Amino acid sequence: MASSPSPPSLQLTSTSTNPTDDDEQPSTHDYSKGVKHLVDTASDLRSIPSNYVLPIIPSICRSTSLDPSIPIIDLDGLDEPSGERRISIIVNHGIKASLMEEMLRSVEGFFSLTWEEKMKYASDDVMHPVRYGTSLNTSKPHVLHWRDYLRHFGHPIGNSFHLWPDNPPNYREVAKEYLEEVWKLAMKIWGAISEGLGLDRDYIEKSLGEGCQIVASNYYPPCPEPHLTLGLSAHSDHGGLTILMQNEVDGLQVRHNDMWIQIQFMPGMLVVNIGDYLEILSNGRYKSVEHRAVVNEERTRISVAVGHGPELNAIIGPASPLVDEKNEPPRYRPIRYKDYMRNQQSSAVRGKEPLGTVKTVSSSTSSTIPSFSQSS
């Protein structure tokens, strides 16, 4: 079992008032124990504590809609040597439905543990190999979000397997099998993307070196005032590909033309997000996706997001075949991947602002979504 670090400090920033009964918002409540603990222990929670009320801007966060143009990728046939199916269209991904369901049950089992058991994995270090927390990843001052999470490294599994939670008893073995299958799937997708960029099929896979895989399991309990908060603010992922599954409760939204598009659940579906590493490597030809999580009043949403990127000590930058100093100069400066990851994970700034710190030219892709951090 992982060592038991001191519980992390959680600094709060309140941007508005939202009076509640004393039973519902005790002044001594320890928010670092998680939002599930708050929901489980509060008496008749009818409104959220002011610490969770976010300054959402209406002009950015307009009403959601379902966009039928979001592509459904059928991976059946991806390995065919030729064929148009490779570029026409994630279903038929090869991961057994029974394994996906078992992974979701194991994750739910972890979040159902006592807060004392979960807090054994609490840490202020965003790079800690196994980490339980609540709200955003950072411990910097910020308005709280309606989420608890468990994050830990995956591939190369031998480096951290012994640190993963050993409760529920089957968690390690189930997570190991699931992460191995998702890694294989990510490598298949990397091959198709490499060819789509005009590179050798194994170009991106080779660029990863040993590679780095991180799983973030998220727990969003029912919220009495979902319109005042978010499970997770708009952001892009630091890795290259994030492969996400969830229970049947919708809540994932992607930003498109200043509209938030709801991703509707389909049985057996996996959602693939493009992350910052792929935007950097492709020199901007691929754009990382801004996404967020909303919550609801009635049901708990659980998601398991698995990110894939290069080994931590890799120097990342645009792929050399995609750069021409005269006609196609590098749009991103080189940076060590673990440094980029630490900066991105430590920030209370949402949107794609962390990516902007490594850009070499101005770009309209910078986010206009504000920070929810406290002014210094």
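Residues numbered from 1 in each chain as written. Predicted model: local features only at pLDDT ≥ 70, side-chain atom pairs only at ≥ 80, totals over all residues. Heavy atoms only, no water.

## Brief notes about the pairing of strand β1 (residues 130–134)
Okay, step 1: Summarising burial for β1: five of the five residues are buried, a large majority.
Okay, step 2: Here β1 pairs with strand β2 (residues 148–153) via five bridges, running antiparallel. Bridge pairing in β2 links Tyr132 to Leu150. (Buried < 20%, exposed > 50% of the residue type's maximum accessible area, 1.4 Å probe, protein only. Helix = DSSP H or I, 4+ residues; strand = E, 2+ residues; numbered from the N terminus. Pairing = 2+ DSSP bridges.)

## As for the sheet that holds strand β10 (residues 301–309)
Okay, step 1: Within the open sheet, the six strands sit side by side as β1-β2-β3-β10-β5-β8. Their pairing is antiparallel. Edge positions in the open sheet fall to β1 and β8 (271–274), since each of these has one partner strand only. Along the sheet, successive strands turn relative to each other by an average axial angle of 20 degrees, direction set aside.
Okay, step 2: Looking at chain direction, β2 and strand β3 (residues 212–220) are connected through six bridges and run antiparallel. For Tyr149, the partnering residue across the bridge sits in β3 and is Asn218.
Okay, step 3: Against the sheet, helix α3 (residues 97–111) engages β1, β2, β3, β5 (241–246) and β10, with an angle of about 110 degrees to β10.
Okay, step 4: Sheet strands touched by helix α5 (residues 171–196): β2, β3, β5, β8 and β10. Its angle to β5, the strand with the most contacts, is close to 130 degrees. (Axes fitted to C-alpha atoms, helices over the stretch in contact; angles between N-to-C directions. Contact = heavy atoms within 4.5 Å.)

## A closer look at the sheet that holds strand β7 (residues 259–262)
Okay, step 1: Taken together, the four strands give an open sheet; going across it, the order is β4-β9-β6-β7, and neighbouring strands pair in antiparallel fashion. For this open sheet the edge positions go to β4 (232–235) and β7, each flanked by a neighbour on one side alone. Taking each pair of neighbouring strands and ignoring which way they run, the sheet shows an average axis angle of 25 degrees.
Okay, step 2: Both β4 and strand β9 (residues 291–293) contribute to a ladder of two bridges, which runs antiparallel. Residue pairing across strands places Leu232 opposite Ala293, the latter belonging to β9.

## Comments concerning α3
Okay, step 1: For α3, with 15 residues, the first-to-last C-alpha span of 22 Å sits near the 21 Å given by 1.5 Å per residue.
Okay, step 2: Within the span of α3, buried status applies to Leu99, Met100, Met103, Leu104, Ser106, Val107, Phe110 and Phe111. When α3 is viewed along its axis, its buried side chains cluster within an angular range of 160 degrees and face the same direction. (Expected span 1.5 Å × (residues − 1). Arc of directions from axis to C-beta.)

## Re the confidence of the model for the chain
Okay, step 1: Looking at the chain as a whole, its pLDDT mean stands at 83, while 79% of the residues score no less than 70.
Okay, step 2: Considering only residues more than four positions removed or in separate chains, one finds that residues 1–9, a stretch of pLDDT under 50, has 21 contacts.
Okay, step 3: Throughout residues 362–376 the model reports pLDDT below 50, and contacts reaching past four residues in sequence, or to other chains, amount to 36 contacts. (pLDDT = per-residue confidence, 0-100.)

## Here's the deal with unusual backbone geometry
Okay, step 1: For the peptide bond that leads from His155 to Pro156, omega is -5 degrees, which places it in the cis range.
Okay, step 2: Tracing the backbone shows Pro156 in the loop between β2 and α5.
Okay, step 3: Look at the link from Asn167 to Pro168: it is a cis peptide, with omega at 5 degrees.
Okay, step 4: By secondary structure assignment, the location of Pro168 is in the loop between β2 and α5.
Okay, step 5: Even without being glycine, Ser135 reaches a positive phi, approximately 65 degrees.
Okay, step 6: Position of Ser135 among the secondary structure elements: in the loop between β1 and β2.
Okay, step 7: Since its relative accessible area comes to 1%, Ser135 is described here as buried.

## A closer look at empty space enclosed by the protein
Rolled over the atoms, a probe as big as a water molecule pinpoints where empty space is left.
Okay, step 1: Computed from the structure, the largest cavity encloses a volume of approximately 480 Å³.
Okay, step 2: Looking at the largest cavity, it is lined by 34 residues, and the ones nearest its centre are Arg151, Leu232, His235, Asp237 and His291.
Okay, step 3: Going through the elements one at a time, β3, β4, β5, β9, β10 and α8 (337–346) are the ones with two or more residues in the lining of the largest cavity.
Okay, step 4: Residues of the lining of the largest cavity, tallied by class, amount to 13 nonpolar, 14 polar and seven charged. (1 Å grid on protein atoms, 1.4 Å probe; cavity = no way out; pocket = protein on both sides within 12 Å on 5 of 7 lines; lining within 4 Å. Points joined across faces, edges and corners; volume = space filled by probe spheres on them. Nonpolar A, V, L, I, M, F, W, Y, C, P; charged D, E, K, R; others polar.)

## Things to note about the nonpolar core
Okay, step 1: Counting residues in hydrophobic clusters, the biggest one holds 65 residues, and the most contacted among them are Met103, Tyr178, Trp190, Ile193, Leu270 and Val304.
Okay, step 2: Of all the elements, α5 adds the most residues to this core, at 13 residues.
Okay, step 3: Setting aside chain neighbours within four positions, we find Tyr178 in contact with Ile95, Leu99, Met100, Met103, Met245, Leu270, Val304 and Val306.
Okay, step 4: Formed by 16 residues, the second largest nonpolar core is a distinct cluster that contains Ile48, Tyr52, Leu136 and Val295. (Core = buried A, V, L, I, M, F, W, Y, C linked by side-chain atoms within 4.5 Å.)

## Some details on the pattern of salt bridges
Okay, step 1: All told, the structure shown has 12 salt bridges when counted by the stated rule.
Okay, step 2: Here Arg342 ties to Asp125 by a salt bridge, and the two come within 3.5 Å at their closest N and O atoms. Taken together, the positions of Arg342 in helix α8 and Asp125 in the loop between α4 (115–118) and β1 put the pair 217 residues apart, joining distant regions of the chain.
Okay, step 3: Residue classification places Arg342 among the partly exposed positions, given a relative accessible area of 39%.
Okay, step 4: By relative accessible area, Asp125 is classed as partly exposed at 32%.
Okay, step 5: Taking the shortest distance from any N to any O, the salt bridge between Glu195 and Arg201 comes out at 3.4 Å.
Okay, step 6: By relative accessible area, Glu195 is classed as partly exposed at 37%. (Salt bridge = Lys/Arg side-chain N within 4 Å of Asp/Glu carboxyl O.)

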